Amino acid sequence: MAKKKYTEMTKEELLALKDTLKVAYKKMQARGLELNMSRGKPCVDQLDLSMGMMDSLNSSSDLLCEDGTDCRNYGVLDGIPEAKELIGDMMEVPYDHLFLYGNSSLNVMYDTVSRSMTHGVMGSTPWCKLDKVKWICIVPGYDRHFAITEYFGIESISVPMLKTGPDMDMIEKLVASDESIKGVWCVPKYSNPTGNSYSDETVRRFARLKPAAKDFRIYWDNAYTVHHLYDHDQDHLIEILAECKRAGNPDLVYKFASTSKVSFPGSGIAALATSLNNLEDIQKQVAVQTIGHDKVNQLRHVRFFGNIHGLVEHMRKHADILRPKFEAVEEILEKELAGTGIASWTSPKGGYFISYDTLPGCAKKVVSRCAKAGVVMTPAGATFPGGKDPQDTNIRIAPSFPPINDLKTAAELLALSTKLVTVEHLLENMEGSEPAAETKTKK
């Protein structure tokens, strides 16, 4: 039997439903839950997949690179050759356009913004000397990206995320007309939090941007480049560096990635790929900052994975752990909310998140309801600059960390809290105003 849309219910129907939902919610509270699905952390089973890496090197191991470099000593600023080959294949970029760092790509992004603030980009005026610096933030998006530019006092300009990627009409107009706009945050594949991937047209339009600022750069964080959930149903991206070169804009993009959710999040390899001109500019800072990053860790990764084929096979094991979790959440949301018109959610083919939208004005209360019943969610609004979702609709679901039974319970509570909050919201707004517009539920 089809569910009746909440926005079509009478006041009497809503009041009766509210009483039923409050009883169910009190029962959930009585269970004394203590669950956390606030961040996209790999679970213990995923971390265990990489434990063999701890045995790939020992005190008897040959720690020489293929070119004879001793990984125990100083040197090799941009990364050992075999690690550059492995990470280059993962990122789909040429060996000589790649620079390897430490364990955190977020740290590389921070450094890249910081360097631009203090020393400029390829000879341009340092941003700290400018009256105004602005940045495009695609929303909903990654809170830690927004936090970096906000930390430096850069003004955020929100651009909505569509199924095909960001609204490129808006981005093209903005960057062409405003010289103070210096960058854009992108998670192009299995985006955080929607799980959407950019279409071929979107990538090509990015590569053909005509920014007013010569020091404008696309910050292309391909964090989920090999993080598929399915073997045969995967999203694929046009490679942005090659497309920029084709478009005559070789210096337009910084491409970031890491093995944080491939091997160990705290002990992976981060990388930046970009044009040779950009790399020359970047090396001036890095050569002062360090004599070289952790080459032993780079070698450890190479010895463990062997090559890109070993890494891809490793990611299939990750998918086998994550896929049932994503499917369990989507199955419960579909069962509890489909046809009600009170929530929508994405069904990604990879990455680490599901984007969940309530009716306008309900997201914060839904998260609060979940917390009062023992389930911690990512704060509502976190996916927008400054933590402020103007419509108060978006919640990021992170299914990776909890055990699957706990995850199912959390999804049930999320659905229940959404129902209860929505009924209360509709009743509050019934007198003197129209009910909030419904959203479309989708699989």
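Residues numbered from 1 in each chain as written. Predicted model: local features only at pLDDT ≥ 70, side-chain atom pairs only at ≥ 80, totals over all residues. Heavy atoms only, no water.

### Describing the domain arrangement of the protein
We note that the domain assignment places domain 1 (6-46 + 312-430) and domain 2 (62-306) within the protein. The C-alpha-based centres of domain 1 and domain 2 are spaced at 31 Å. The interface of domain 1 with domain 2 comprises 28 residues on the first partner and 31 residues on the second. Of the roughly 2600 Å² buried between domain 1 and domain 2, counting both surfaces, carbon and sulfur atoms make up 60%. When the buried area of domain 1 at its contact with domain 2 is split by residue, Met315, Lys349 and Pro385 rank highest and sum to 26% of it. Between the two partners, domain 1 and domain 2, sit 5 salt bridges. (Domains from an automatic or database assignment. Contact = heavy atoms within 4.5 Å. Buried area = accessible area lost by both parts, 1.4 Å probe. Salt bridge = Lys/Arg side-chain N within 4 Å of Asp/Glu carboxyl O.)

### What to know about the nonpolar core
Residues Phe206 and Ile218 are the most contacted members of the largest nonpolar core, which totals 54 residues. With 5 residues, the top contributor of residues to this core is helix α3 (residues 81-91). Excluding anything up to four places from it in sequence, Ile218 contacts Val184, Cys186, Phe206, Leu209, Leu252, Val253 and Tyr254. Core analysis: the second largest hydrophobic core is formed by 52 residues, Leu35, Phe326, Ala398 and Ala415 among them. (Core = buried A, V, L, I, M, F, W, Y, C linked by side-chain atoms within 4.5 Å. Buried < 20%, exposed > 50% of the residue type's maximum accessible area, 1.4 Å probe, protein only. Helix = DSSP H or I, 4+ residues; strand = E, 2+ residues; numbered from the N terminus.)

### Examining the sheet that holds strand β6 (residues 181-186)
Ordered by their spatial adjacency, 8 strands build an open sheet running β2-β9-β8-β7-β6-β3-β4-β5, and the pairing between neighbours is mixed. Bordering the open sheet on either side are β2 (98-100) and β5 (165-166), each of which pairs with just one other strand. Bridge analysis of strand β8 (residues 253-258) against strand β9 (residues 270-273) gives 4 bridges, and the strand direction is antiparallel. Directly across from Phe256, in β9, lies its bridge partner Leu272. This element, helix α5 (residues 143-151), spans β3 (134-139), β4 (155-162), β6 and β7 (217-221) of the sheet and lies at about 160° to β6. In this fold helix α9 (residues 276-289) packs onto β2, β7, β8 and β9, with an angle of close to 20° to the strand it touches most, β2. (Pairing = 2+ DSSP bridges. Axes fitted to C-alpha atoms, helices over the stretch in contact; angles between N-to-C directions.)

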